[in-house]
Amino acid sequence: MVLDAVGELLTHCRLEDISMSGIARKVGMSKRTLYTIFASREELLGATFARIGRRIFRPLESDERGLPLSDRLDKLLTLNEIPQFEQGAVEVLRAVIAEAPIHPGIARQWDAEGRGALIGYISAELACAAQAGEVTLHEMAATEAAELLVDMVMGEVLHDLLNPHERHPDPCLPREDKQIRRRRAIRVFLEGVRLR
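Residues numbered from 1 in each chain as written. Predicted model: local features only at pLDDT ≥ 70, side-chain atom pairs only at ≥ 80, totals over all residues. Heavy atoms only, no water.

K.L.:
Just checking my understanding: could you explain the packing of helix H9 (residues 115-131) against helix H10 (residues 142-154) for this structure?
P.N.:
Any two packed helices are characterised by the angle at which their axes cross and by the distance between the axes. Two elements in contact, H9 and H10, have axes separated by 8 Å at closest approach and are oriented at 120°. Judged by the inter-axis angle, H9 sits oblique to H10. Considering only the axes of H9 and H10, their crossing is right-handed. For the pair formed by H9 and H10, the contact residues are Arg 115, Leu 118, Ile 119, Ile 122, Ser 123, Leu 126 and Ala 127 on the first element and Ala 142, Thr 143, Ala 145, Ala 146, Glu 147, Leu 149, Val 150, Asp 151 and Met 154 on the second. Residues of the contact of H9 with H10, tallied by class, amount to eleven nonpolar, two polar and three charged. (Axes fitted to C-alpha atoms, helices over the stretch in contact; angles between N-to-C directions. Helix = DSSP H or I, 4+ residues; strand = E, 2+ residues; numbered from the N terminus. Parallel < 35°, antiparallel > 145°, perpendicular 65-115°, else oblique. Left-handed = near helix turned anticlockwise from the far one by under 90°. Contact = heavy atoms within 4.5 Å. Nonpolar A, V, L, I, M, F, W, Y, C, P; charged D, E, K, R; others polar.)

Following this line, the structure appears as C-alpha cells:
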C-alpha cells in the first residue's frame, strides 16, 4: 500500500517534493507509523525503485530457457512497460541523479534493481552461451558484453538529461520502433560474438 502510494506520487510530483509526511497523508497513516515500516525516506524511495525495477526487468521464465540465444536476449531486453512512467522516466532519473550526493542509497538501489538487474540476466545468458560454444566473448567478461549490448539497445539518455526542453525522440519511440532497434542491436551484437 505504501509503495503503491509512492509510485503514484512519482507520476505527478517531483522527487524532491515527495516527503514522508506527504506519503503518510496519502496512505492515511501517521508519519510515526510510516517510520516504523521504513526507517527513512531514502529507504522508502529505494524500495519503491527496486519494485519498479522488478516490474520493468524480468528474468527468463523456465519455458523460455530453451529458445535460441537471439530470442532469449530479445525476451530479456523487452521491457515490461509501466504506462505511468513512460513519459516521466527521464525526469525521475534526473531527480535520482540530483539526489545521489545527498542520498546515495536511492541511486545505488535504482541502478542495482534496474539496469544492474538487466545486465545480470543478460550476463548469465551470455556466459551460458559462451560455455555451450554458441558464441565467443573475445576475452570480455560476460558482464562487459552484457553492458555493451544493453547500451546498444537502450541508447544514450545523457542527451535527454542535459536538454530537458528538447525532447529527443528515443525515450518516446512507439513500441514497434523500440522492437526494431532492439532486434537490430541484438543482430549486430551476435554477429560480433559469433564463432568464426
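K.L.:
Help me understand the pattern of salt bridges in this model?
P.N.:
Where side chains of opposite charge bring their charged atoms close, a pairing between them can arise. Within the structure shown, the criterion is met by twelve salt bridges. Two residues, Glu 99 and Arg 41, come together in a salt bridge whose shortest N-O distance is 2.9 Å. One end of the pair, Glu 99, is in helix H7 (residues 89-99); the other, Arg 41, is in helix H4 (residues 41-56), with 58 residues separating them in the sequence. The pair formed by Glu 99 and Arg 41 is uniform in burial state, with each residue classed as buried. Put simply, Asp 74 and Arg 183 hold a salt bridge, and the shortest N to O gap is 3.3 Å. Linking Asp 74 in helix H5 (residues 69-77) with Arg 183 in helix H12 (residues 175-193), this pair joins segments that are 109 residues apart in sequence. You can call Arg 183 partly exposed: its relative accessible area is 42%. When salt bridges with common partners are traced through the structure, they connect Arg 65, Arg 72, Glu 125 and Glu 134 into a single cluster. (Salt bridge = Lys/Arg side-chain N within 4 Å of Asp/Glu carboxyl O. Buried < 20%, exposed > 50% of the residue type's maximum accessible area, 1.4 Å probe, protein only.)

K.L.:
Help me understand the packing of aromatic side chains in this model?
P.N.:
Each aromatic ring pair is described using two quantities: the centre-to-centre distance and the angle formed by the ring planes. Under the counting rule described, the total for this entry stands at one aromatic pair. A ring pair is formed by Phe 49 and Trp 110, whose centres lie 4.7 Å apart and whose planes are at 85°; its orientation type is edge-to-face. Highlighted residues: Phe 49 in helix H4 and Trp 110 in helix H8 (residues 104-113), separated in sequence by 61 residues. On the accessibility criterion, Phe 49 (3% relative accessible area) is buried. (Phe/Tyr/Trp six-rings, centres within 6.5 Å; stacked < 30°, edge-to-face > 60°.)

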